[in-house]
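# Descriptive analysis of the structure
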Amino acid sequence: MSERKRILSGMRATSPKLHIGNYEGALRRWVELQNEGCEMFCMVADWHALTTLEGEPMDIRRNSLEVAKDFVAGGLDPAKSAIFIQSDVKEHAELHLLFSMVVGVGKLERNPTYKDMVSALSKSTLVSYGLLGYPVLQASDILLYKPYGVPVGKDQAPHLELSREIGRAFNSRYGEVFPEFKDLIDKDESRSKLPGLDADENGKLRKMSKSYGNCLYLNETEDETAARIKSAFTTPSKMRKTDPGIPEGCAVCQYLKLYSPDWEKQWAEDVAGERGCFQSKKELTEALNEFLRPMRERRAELDDDAILAILKDGADKAREVAQKTMDEVRAAMKLA
Ligand code: TRP
């Protein structure tokens, strides 16, 4: 019997590139849990990426492979953690179907995340049955593994609550199959809600998001990272070095706080008008490139063959657990 706490989490494969907001909001925590000895199941959610079909059709397999490479570059060790693609473990689809019989449509329609996603879609975009069922698929992702806990950002809290309710509804109808799991929600908002490099129309920092085009990506060269920081948002009223800065509202200062050991001194100098934004950007570039260097080195060693082998091994491990749970589910439902 293993005493290790089992953890399941996932990320959608909507883009081939993870940004440092994805790292700070999720991957960093997964790596910590792995290094604390947890039994990790880390999933690339490719089916979930299909729930909002906007724009050109995307190459989801390519996205998934690149995201998985970023997982490994970011510190997940395939020898310790199962890294897999959702669609490689078909049990997720079967459980999704069976769960869809125990959850009410009204409950799914009231899900705040669903409402947000629908209002973010352009008018011509299809609001699909799959989008409504997003949390039902997520419940199967989670409950198949009977995890101890699920680490996610705060925005995922409604999905975890729905997953728990679906598990309870199943158990009360068919008998105890799914134990309760814990939410492992990151409370440190400076990491889980990392701002992007720009500001909104009111001059306020907003979260890092692919749709705003304000990201710093994990897999870029040192020069690309430098160029992005060069055009980053700082204190708008600080025209000259001697003008006082407002570090709380400055993207560059926010990142210095996370990545530079000297940030307190740098912030004090910024406020006192003793340093210019140019200097802060230069020092941030050095600090970030230092931070990203080991990831770049690990990434450089990963070609498609290497990641395909890792993902096959991860899917085999995941399937072993998932099949056992499905045997119990079918027996409980008298399907077998
Ligand atoms: N919905 C999650 C997100 O948008 C991704 C996800 C899919 C997930 N399945 C999961 C997260 C299972 C945790 C557990 O980030």
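Scroll up a little and you will see the structure.
Below or above, wherever it landed, is the structure these notes cover.

What counts and how
- Residues numbered from 1 in each chain as written.
- Predicted model: local features only at pLDDT ≥ 70, side-chain atom pairs only at ≥ 80, totals over all residues.
- Heavy atoms only, no water.
- Phe/Tyr/Trp six-rings, centres within 6.5 Å; stacked < 30°, edge-to-face > 60°.
- Helix = DSSP H or I, 4+ residues; strand = E, 2+ residues; numbered from the N terminus.
- Buried < 20%, exposed > 50% of the residue type's maximum accessible area, 1.4 Å probe, protein only.
- Disulfide = S-S within 2.5 Å.
- Pairing = 2+ DSSP bridges.
- Right-handed = clockwise from strand over helix to strand, strands pointing away.

Here we come to the packing of aromatic side chains. Geometrically, a pair of aromatic rings is defined through the distance of the ring centres and the angle of the planes. In the structure shown here, the tally under the stated rule is 10 aromatic pairs. Aromatic side chains Tyr23 and Phe291 sit 5.7 Å apart centroid to centroid with 75 degrees between the ring planes, which places their arrangement in the edge-to-face category. Of the two residues, Tyr23 sits in helix H1 (residues 20-35) while Phe291 sits in helix H13 (residues 277-300), which places them 268 residues apart along the sequence. With a relative accessible area of 8%, Tyr23 lands in the buried category. Centroid distance Trp263 to Trp267: 5.1 Å. Interplanar angle 80 degrees. Geometry classified as edge-to-face. Placement of the pair is Trp263 and Trp267 together in helix H12 (residues 263-271), with a separation of 4 residues, close to one helical turn. Taking the relative accessible area as the measure of exposure, Trp263 reaches 21% and is therefore partly exposed. Here Trp267 falls in the buried class, since its relative accessible area comes to 12%.

Enumeration according to the criterion identifies 0 disulfides in this entry. The cysteine Cys38 is free of any disulfide, with Cys42 supplying the nearest cysteine sulfur at 10 Å. Look at Cys38 and you get buried, because its relative accessible area is 9%.

Turning to the pairing of strand E4 (residues 149-152), a few remarks are in order. Here E4 shows a buried face lined by Gly149 and Pro151 and a second buried face lined by Val150 and Val152. Both E4 and strand E5 (residues 182-185) contribute to a ladder of 4 bridges, which runs parallel. Counted as the bridge partner of Pro151 is Leu184 from E5. At this point the chain moves from E4, through helix H8 (residues 157-174), to the parallel E5, and the crossover so formed is right-handed.

Shape descriptors only; they carry no functional weight alone.
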